[in-house]
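Observations on chain architecture
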Amino acid sequence: MPIYTHTFNPSRLLLISPPRKTLFPSRGKNFPVSRSNGKIRDCFRRELVECYSKGSIYIQRLDEDSYTWLNRRKLRVSALGGQDSGIESARKRRIVEHIFLLKTKENLSEDEEKDMLDYLYTSQYQMSGIIAVSLGRITDPNDDGFTHVAYMRFQKQEDLAKFYEISNSGVLKEHVMPYCHEMISVDYESEVEDDILPIFRRGEEFNYGVEFVLLISVIESALGGPVQDALAALSNLTLEFGSLIVQATQGSNVNLNDREYTHGAVIRFPSFEAMEIFKGSSQYKSMWRLKFQPITKKALAVHFSVDPVGTEIM
């Protein structure tokens, strides 16, 4: 017999629809859940709850304290053993990603570094159009000598253009360039789930983790079909490793003033270990060897740690 469960909360709603058979612990209030190998884990009581369904389970965020990895995602659970069979397509929102890498001066002091990063981070509160910021010191040395990465998300390209206009005579000129001797940037359009938390990169998952940035420059003959095929392979792989990835975006560089790299990707992992599992997997290595290596002139892969900056959702 089908069971339809609607648990009302004054601020949020838990909706499961349309499961054929659903097993939950008996309780009269909402509870947070998180994904673990195709099952649902009760984060308060740490109970495993299996949901068997031929349809989809749609779980909305309950409140700020019980927000989880499954926030407003659609998860299909197989009727055989409760195994995750993939995430349904959801409505998407177009956004613009802005990445810039810095080479700071060798004699940069800790106070100067903190001042530079603080001004970059707080620019989101001073300029309209910036909806997310992530930045930090690159963890491992790279051949190009870049030391820091700043990543920003904008609602549209007009907002990014305004940022360039203002920052070149403001934040960058006064608080960044005095400490750096080189900077490159990559801008690209992408899509994320059309919900406030993934759009603004808010919620528990985005408070910490590791930001992985991949920049590539492809040969001219690969522009078009081959590179799009490679990017599609990367996108599909991030979906396959969904339990290890908080969010991933990628796209073609639209910055006409800086064309050192033709494409970029940003992947947020919940931990360094998750990133290592993804990058060390046979699937990733095979994808890179077969799809990217034949068409890539130059590539730069860096990562940095993301530390909690507070508990505010917005």
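Residues numbered from 1 in each chain as written. Predicted model: local features only at pLDDT ≥ 70, side-chain atom pairs only at ≥ 80, totals over all residues. Heavy atoms only, no water.

Moving on, we get to helix α1 (residues 110–126). Spacing of three or four residues puts side chains on the same side of an α-helix, whose turn is 3.6 residues. With 17 residues, α1 should reach 24 Å at 1.5 Å per residue; the first-to-last C-alpha distance of 24 Å fits that figure. Of all the bends in α1, the greatest, near 25°, is centred on L120. Of the residues making up α1, those classed as buried are E113, M116, L117, L120, S123 and Q124. Elements that come into contact with the buried residues of α1 comprise β11 (92–104), β12 (130–137), β13 (148–154), α3 (171–176) and β14 (180–193). (Helix = DSSP H or I, 4+ residues; strand = E, 2+ residues; numbered from the N terminus. Expected span 1.5 Å × (residues − 1). Bend = angle between axes of the 7 residues up to and from the residue. Buried < 20%, exposed > 50% of the residue type's maximum accessible area, 1.4 Å probe, protein only. Contact = heavy atoms within 4.5 Å.)

Using the criterion set out here, one finds 12 salt bridges in the structure. R93 is the partner of D194 in a salt bridge, and the nearest nitrogen-oxygen pair spans 3.0 Å. One end of the pair, D194, is in the loop between β14 and α4 (196–200); the other, R93, is in strand β11, and 101 residues separate them in sequence. Residue E260 is joined to K298 by a salt bridge in which the shortest nitrogen-to-oxygen separation is 2.5 Å. With E260 in the loop between β16 (247–252) and β17 (263–269) and K298 in strand β18 (residues 296–306), this pair connects stretches of sequence that are 38 residues apart. By sharing partners, the salt bridges in this structure join R94, E189 and E191 into a single network. (Salt bridge = Lys/Arg side-chain N within 4 Å of Asp/Glu carboxyl O.)

We now examine the packing of helix α6 (residues 272–280) against helix α7 (residues 282–292). Between α6 and α7, whose axes approach to 5 Å, the crossing angle comes to 50°. When the axis of α6 is compared with that of α7, the two are oblique. Here F278, K279 and G280 of α6 come into contact with α7, specifically with S282, Y284 and K285. Partitioning the contact of α6 with α7 into residue classes produces 2 nonpolar, 2 polar and 2 charged. (Axes fitted to C-alpha atoms, helices over the stretch in contact; angles between N-to-C directions. Parallel < 35°, antiparallel > 145°, perpendicular 65-115°, else oblique. Nonpolar A, V, L, I, M, F, W, Y, C, P; charged D, E, K, R; others polar.)

Next up on the list: the packing of aromatic side chains. Inspection of every chain in the model, using the stated rule, returns 8 aromatic pairs. Each ring, one from F269 and one from F278, has its centre 5.5 Å from the other, and the planes form 50°; the classification is tilted. Each member of the pair, F269 as well as F278, carries the same accessibility label: buried. With centroids separated by 5.0 Å and ring planes inclined at 10°, the aromatic side chains of W288 and F292 adopt a geometry described as stacked. Within this pair, W288 and its partner F292 are both found in helix α7, separated by 4 residues, close to a single helical turn. Here K103 stacks its cationic end above the ring of F146, 4.9 Å away from the centre of that ring. (Phe/Tyr/Trp six-rings, centres within 6.5 Å; stacked < 30°, edge-to-face > 60°. Lys NZ or Arg CZ within 6 Å of the ring centre and 35° of its normal.)

Before going further, it helps to examine the packing of helix α5 (residues 225–240) against α7. Interhelical geometry of α5 versus α7 gives an angle of 170° and a closest axis separation of 9 Å. What the angle tells us is that α5 and α7 run roughly antiparallel. Note on element contacts: α7 touches α5 through Q283, Y284, M287, K291 and F292, opposite D229, A230, L231, A233, L234 and L237. Across the contact of α5 with α7, the residue classes break down as 8 nonpolar, 1 polar and 2 charged.

The strand order β16-β17-β15-β18 describes an open sheet built from 4 strands, whose pairing is antiparallel. This sheet does not close on itself; its edge strands, each paired only once, are β16 and β18. Pairwise comparison of adjacent strand axes, ignoring direction, gives a mean angle of 10° for this sheet. Pairing of strand β15 (residues 209–218) with β17, which is carried by 7 bridges, proceeds in the antiparallel orientation. (Pairing = 2+ DSSP bridges.)

On to the nonpolar core, then. Of all hydrophobic cores here, the largest spans 25 residues; its most connected members are F212, L234, F269, F278, M287 and F292. With 6 residues, α5 is the largest single contributor of residues to this core. What L234 contacts, discounting residues up to four positions off in sequence, is L214, Q250, A265, F278, M287 and F292. Judged by nonpolar contacts, the second largest core, of 21 residues, contains L102, A150, L160 and C180. (Core = buried A, V, L, I, M, F, W, Y, C linked by side-chain atoms within 4.5 Å.)

Right, let's talk about the sheet that holds β13 for a bit. Read across the open sheet, the 4 strands follow the order β12-β13-β11-β14; overall the sheet is antiparallel. What marks the edges here is a single partner per strand, and that holds for β12 and β14. Each strand axis lies, on average, 15° off the axis of its neighbour in the sheet, ignoring direction. Taken together, the 7 bridges between β11 and β13 define a ladder with antiparallel strand orientation. Looking across to β13, one finds that H98 is bridged to M152. Of the strands in this sheet, β11, β12, β13 and β14 are in contact with helix α2 (residues 157–167), which crosses β11 at around 25°.

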